[in-house]
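Coordinates in review
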Amino acid sequence: MIFCLFVLFKRIKESNTAIPLSRILAVWTKSALAALISGFPNLKIKLNGKSDVIGKLLEYIYMHWEQPLDAIRYQTKLMFMNLLQIHTTITGSDEKSDPFFARLIKHLLSLEHVKGKYTSGCLVECVGTENILQLDRTIPVQILDMMNDQSLAITILDSDSDRCPSDLVETMFINHKAHFTLSFQESDCTDQWHDIWVSLLVILCEVNHGHTTYLNYYLPKLLKPSPDSLSYVIRVLQVSADANLGSCSTIGAL
C-alpha cells in the first residue's frame, strides 16, 4: 500500500488531494513506530535505514519540506521525526557513530538551497549540534553570512515566520550550550561557546555598524541558552569603541 501512495503523489497536482495523502503518510509512519515499540521484529528489516520504504519516505520529505502549503510542510516534519525515532528504535545505536544519521546530515549540508539546510531542528535534537559541526565547522559562518539578506534571515531565524517549519538555529544553540555545560568546566565551556558562536558576531557588529539584523534576529536566539554572553558582547564592543575601532551606536542598540 505504501508504494502505491508514492506512485499517487507523483501524479497528483491538486493541493486538495495532496494534503490528505501527506497526512496518510504521516499517520503511516506514526503507526509503524508504534508497531515497532509494541514488538514486531519483522518490521526491523523492512524499516531499517537502508530499506526501500525509508528511502522513498526520505525522497518525499526532501521534495516537500519547503512546500508552500503549511499543512504539507507540517506533515513532512512529522514524518521526518517519526523516521528518526523508527531508526533509533530499531538500532538502539549511538547516534554519534550511526551511518544513517551521518548520511542524513551530509545530505542536508549538501543542499544548494540554503533554506533547506536549516529547516530540520528535529535532526539536531536527535544527533546533536556538535556532531553536525564535526562534519562542517563553517556552519556558524554560514548562518551569520545569511544576515546580509534580511528576508532570508527572517525566514531562518524569526520564530513567527510561517516559512520556518522548525527553529533550527535556536535548537542548535540550545543543544550545543547543553553539550558544553555537560562536557566541560564552566570557564572552558564559556570560552568554547564564545569562540564558536559569539566572537564572529562581535567582529561583524564592529564592521557593519548600521546592520541591525544581527542584533534583531541572531543575538536573541544566541542569548536564550546563554544570557551571560550579552555582557561579553558589550564588553568587547566597548573596548573597540574606546580604541576608536568600533561604533558606540552598536552598543546603544544592545
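Preceding block: the structure.
Residues numbered from 1 in each chain as written. Predicted model: local features only at pLDDT ≥ 70, side-chain atom pairs only at ≥ 80, totals over all residues. Heavy atoms only, no water.

1. Things to note about the overall build of the protein
The helix and strand tally for the protein stands at 16 helices and 0 strands. Considering the protein as a whole, with its 254 residues, one finds that 46% of them fall into the buried category. Long-range contacts, defined as pairs at least 24 residues apart, comprise 64% of the intrachain contacts of the protein with a sequence gap of at least 6. (Helix = DSSP H or I, 4+ residues; strand = E, 2+ residues; numbered from the N terminus. Buried < 20%, exposed > 50% of the residue type's maximum accessible area, 1.4 Å probe, protein only. Contact = heavy atoms within 4.5 Å.)

2. Concerning the packing of helix 13 (residues 186–207) against helix 14 (residues 213–223)
Orientation of helix 13 relative to helix 14, taken along the N-to-C sense of each, is 165 degrees, at an axis distance of 12 Å. Our classification of the angle between helix 13 and helix 14 gives roughly antiparallel. The handedness of the crossing between helix 13 and helix 14 comes out as left-handed. Counting all contacts with helix 13, which are made through Trp193, Trp197, Val198, Leu201, Leu204 and Cys205, the residues of helix 14 involved are Tyr214, Leu215, Tyr218, Leu219 and Leu222. Split by residue class, the contact of helix 13 with helix 14 holds 11 nonpolar, no polar and no charged. (Axes fitted to C-alpha atoms, helices over the stretch in contact; angles between N-to-C directions. Parallel < 35°, antiparallel > 145°, perpendicular 65-115°, else oblique. Left-handed = near helix turned anticlockwise from the far one by under 90°. Nonpolar A, V, L, I, M, F, W, Y, C, P; charged D, E, K, R; others polar.)

3. Observations regarding the packing of helix 4 (residues 52–64) against helix 5 (residues 70–91)
Helix 5 packs onto helix 4 with a crossing angle of 145 degrees between their chain directions and a minimal axis gap of 10 Å. For helix 4 against helix 5, the interelement crossing comes out left-handed. Residues Ile54, Leu57, Leu58, Tyr60, Ile61 and His64 of helix 4 form the contact with helix 5, whose own contacting residues are Ile72, Arg73, Thr76, Met79, Phe80 and Leu83.

4. Re the side chain of Ser51
By the secondary structure assignment, Ser51 is in the loop between helix 3 (42–46) and helix 4. Within polar-contact distance, the side chain of Ser51 engages the backbone oxygen of Asn48 at 2.9 Å. With sequence-adjacent residues up to four places away left out, Ser51 is seen in contact with Ile45 and Lys46. (Polar contact = N/O pair within 3.5 Å; in protein donor to acceptor, adjacent residues only side chain to side chain.)

5. Brief notes about the packing of aromatic side chains
Within the structure shown, the criterion is met by 6 aromatic pairs. Ring geometry for Phe173 and Tyr218: centres 5.4 Å apart, planes at 80 degrees, overall edge-to-face. Note that Phe173 is positioned in helix 12 (residues 168–183) and Tyr218 in helix 14, a separation of 45 residues in sequence. Residues Phe173 and Tyr218 agree in their burial class; the two are buried. Centroid distance Phe180 to Phe184: 5.7 Å. Interplanar angle 50 degrees. Geometry classified as tilted. With relative accessibility at 2%, the residue Phe180 sits in the buried group. Judged by relative accessible area, Phe184 falls into the partly exposed class, the value being 31%. These aromatic residues form a ring-pair network of at least three members: Phe173, Trp193, Trp197 and Tyr218. (Phe/Tyr/Trp six-rings, centres within 6.5 Å; stacked < 30°, edge-to-face > 60°.)

6. Let's talk about helix 6 (residues 99–110)
Between the first and last C-alpha of helix 6 there are 16 Å, a value that for 12 residues agrees with the 16 Å anticipated at 1.5 Å per step. Taken together, the buried positions of helix 6 are Phe100, Phe101, Leu104, Ile105 and Leu108. Down the axis of helix 6, the buried set is contained in an arc of 135 degrees. They therefore lie on one face. Away from its buried face, by an angle of more than 90 degrees, helix 6 presents the exposed residues Pro99 and Lys106. Measuring from the side-chain oxygen of the N-cap residue of helix 6 to the backbone nitrogen of Phe100 gives 2.8 Å; that N-cap residue is Asp98. (Expected span 1.5 Å × (residues − 1). Arc of directions from axis to C-beta.)

7. Regarding helix 13
Here helix 13 is 22 residues long and its end C-alpha atoms lie 30 Å apart, about the 32 Å a rise of 1.5 Å per residue gives. Along helix 13, the sharpest kink reaches roughly 50 degrees, centred on Asp195. Listing the buried residues of helix 13 in full gives Cys189, Trp193, His194, Trp197, Val198, Ser199, Leu201, Val202, Leu204, Cys205 and Glu206. (Bend = angle between axes of the 7 residues up to and from the residue.)

8. Side note on the side chain of Gln75
With respect to the helices, strands and loops of the structure, Gln75 is situated in helix 5. Assessed through its relative accessible area of 11%, Gln75 is described here as buried. Ignoring any residue separated from it by four or fewer positions in sequence, one finds Gln75 in contact with Ser22, Arg23 and Ala26.

No statement about biological role is implied by the geometric values presented.
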